[in-house]
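Spelled out, the chains give:
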Amino acid sequence: MTSGRQPDAQGRAQQAGTRLRALAVAVAVSLLLVLPLMRSSLGGTGSAWTTYHGDPSRTGFDPGEPVVSSSPPLDWVSGVLDGQIYAEPLVVDGRVFIATESNTIYALDETTGGLAPGWTAPTNIGAPVPASSLGADCSNIDPVGITGTPVIDTASGLLYAVALLRSPAIHYVMVAIDITNGSIRFQRPIDPPGLDSIQQLQRPALALSGGRIYIGFGSRGDCLPYNGWVVGASASDASDPLDYYVVGNSGVPAPGGAIWAPSGIAIDAAGFLYVASGNAGTGEFDHGDSVIRLATGPLREDSYFAPTDWSYLASIDADLGSVAPTLLNDGLIFQVGKAQVGYLLRANALGGIGGELFQAPVCGNGAYGGTAYVPPYVFVSCQTTGIQRISVDPVGLQFHVDWFSGGSDSLPAIGPPVVAGGLVWAVDNAASELRAYSFADGSDAFAPISLGAFGTPTHFSSLAAANGRLFVPAGTRVAAFRLTGTPPPTPTPPTPTPPTPPPGAALLGDNAIEPTADGSGVGVAEANQFTATATGQATSLSIYVDPSNRATRFSLGLYADAAGVPGTLLAQGTTTSVQNGTWNSVAITATTLTAGTPYWIARLALAGGEVITRVDNGAPNPDRVDSRTNASLPGTFSAAGSWPHRTSMYAAAASGPTPTPPTPTPPTPTPPTPTPPTPPPGAALLGDNAIEPTADGSGVGVAEAN
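Notes on the structure follow.

The rules behind the values
Residues numbered from 1 in each chain as written. Predicted model: local features only at pLDDT ≥ 70, side-chain atom pairs only at ≥ 80, totals over all residues. Heavy atoms only, no water. Phe/Tyr/Trp six-rings, centres within 6.5 Å; stacked < 30°, edge-to-face > 60°. Helix = DSSP H or I, 4+ residues; strand = E, 2+ residues; numbered from the N terminus. Buried < 20%, exposed > 50% of the residue type's maximum accessible area, 1.4 Å probe, protein only. Lys NZ or Arg CZ within 6 Å of the ring centre and 35° of its normal. Core = buried A, V, L, I, M, F, W, Y, C linked by side-chain atoms within 4.5 Å. Salt bridge = Lys/Arg side-chain N within 4 Å of Asp/Glu carboxyl O. Disulfide = S-S within 2.5 Å.

For any two aromatic rings, the description comes down to two numbers: the centre-to-centre distance and the angle of the planes. A full pass over the atoms with the stated rule returns 17 aromatic pairs. Taken together, a centroid distance of 6.1 Å and an interplanar angle of 55 degrees make the contact between Trp260 and Phe460 tilted. One end of the pair, Trp260, is in the loop between strand 18 (252-253) and strand 19 (266-267); the other, Phe460, is in the loop between strand 35 (449-450) and strand 36 (464-466), with 200 residues separating them in the sequence. The exposure class of Trp260 is buried, given its relative accessible area of 14%. Classification of Phe460 as buried rests on a relative accessible area of 9%. Between Arg293 and the ring centre of Phe272, over which it is positioned, the NZ or CZ distance is 3.5 Å.

One finds Phe97, Ile105, Trp425 and Leu434 to be the most contacted residues of the largest nonpolar core, which totals 55 residues. Membership of the second largest hydrophobic core comes to 26 residues, among which are Ile141, Leu158, Ala176 and Phe186.

What follows covers the pattern of salt bridges. Applying the stated criterion across every chain yields a total of 19 salt bridges. The shortest N-O distance in the salt bridge between Arg469 and Glu110 comes to 3.7 Å. Here Glu110 lies in the loop between strand 6 (104-109) and strand 7 (123-124) and Arg469 lies in strand 37 (residues 469-474), a separation of 359 residues in the sequence. Residue class for Arg469 comes out buried when judged on its relative accessible area of 5%.

A few words on the state of the cysteines. In total, this model carries one disulfide according to the counting rule given. There is a disulfide in this structure between Cys363 and Cys382, and the S-S distance comes to 1.9 Å. Here the disulfide of Cys363 and Cys382 is left-handed, its torsion about the S-S bond being about -50 degrees. Note that Cys363 is positioned in the loop between strand 27 (358-361) and strand 28 (367-374) and Cys382 in strand 29 (residues 377-382), a separation of 19 residues in sequence. We note that Cys363, like Cys382, is buried.

From the geometry alone we can't say anything about function, so treat these as descriptive.
Here is the structure:
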């Protein structure tokens, strides 16, 4: 068994930098217990594989398969299909759907590999385009037909694919095919005005959201002119107008900026689209080498991120967009490209140029294709170092490399990974092998499985997992391998017990621990408005300090309200020490609060870094940020606003019973106890040597005996 590899000490130090910490909470249960829980949090089903990597956010994770303990046996191999397979297989209702570069859609029987019941023949959309018609050295695919992975809408029973046709002129069409019988329900041209179908390659996987199909376009071998496009089309109405977004500035397309990663467009639960672009060439920033969040109806940019060295990346063809964005839990995004640097971003505010939350080295010689995600781990396909597992800390807002499997200098050596049956699977394009890696350490779970007898996998080949099988494309054929083992148990996750707030009757604010971490930098005062719920004297201010907090000293302040902004500073206090992961309180001068009156509570980091607390981003409480470099809480706030939210901090009155001084009780006098005379010395042998109570006498000359 080949061992996986850990990053060396120097590599770990580079990856860690000054901000890297260990994961806030260790993974306390084995993968066998975790797997069943993950899919429910990600929204997949495990019984179908209807889009690239199984779901709209492209996790590439199927927990429904049995835990694999031995090399999976070959179940079947398809016949030779009519063209090369670049698209990922899709699986639904016992059928395996394959798209070829000859513009043909096949439906294979999941259990035999033959033509699926209900289909009398594969569905061909039209003649593909030979590479010779696309310009010298501008296409390494020949011919070009369907390259991007289709998408299936199980509700309508339709499969959507985009094909390049050569007649009457070279153009792209989108087709909707009935998955039960292969009939074409409708088709339509999909190249909007300005899109040159000869220059543009439709490699990214299609995506489905809100009744529309979203399609990405990039370049053929960087042969200009080309642009980065996202096109939206109705999934039900071929006459509905297209909408589209082109990478550029202020509506002016940039030369370049291709959207080309095979994993395509990722979509979050709210329907926002995420893409990453390649290098562009205007010399000014034009959204090349960027992560872009798109709103829909119509398509438009909502937010973006670019590294500070975007210009240098463009000059050396180090595309950030060689991998599509990875959507993580907790509202985060992981992005990596050719430049061997990974970035952690906040999804709803990508940060602009240099706005990452964290960055660290990832991959030898760059990353390509797509990723897999099993929280908190991201699996990345890297040239030279093979598959890398990245641990993401969503609380500390950082990540580090756990292991790498090792790889080849071939480009790309390892295809995009998939996680199923407790193992990490990938197609080794250079060696024509199916590889299975240990989830725990990246070692080979068993000997690589040769695919050479079936064919040679194409660039970025990726497999599908569903219903106890792996479906692996190999050139012009598909091989199915059966996963055998015992289904993992479904545990009941423990319910965490939040820290108890410090004692005190809350007069104002929020004494609940809200779900989302939020920070304010050193010198930046941030205030949140609350309405007093009771009348009383506040004597302390408290804030929940997140485990990822970096501040070593901070102040809290109580402000009056002045027409919707913080007014007079009423009271304040400063910490003498800071404890992360619990409530921290400061004493303030007793200040009277009136029920029903708005006030503001502010925080200001003074040393160490951001003061990080928790917020509820769905709450309507106004927020104000004073971004001047403040050495202490400002007397008045600037009027700069922030998004409404509620922060875990509050003002409290003193609590607990007031001690009553004891009432002194006079002592009761005790009469003295008389001390009897000491009897004369001698050991009494007979008689009574006690002093009896009654006096008695005998006269002179009268003898008396006892």
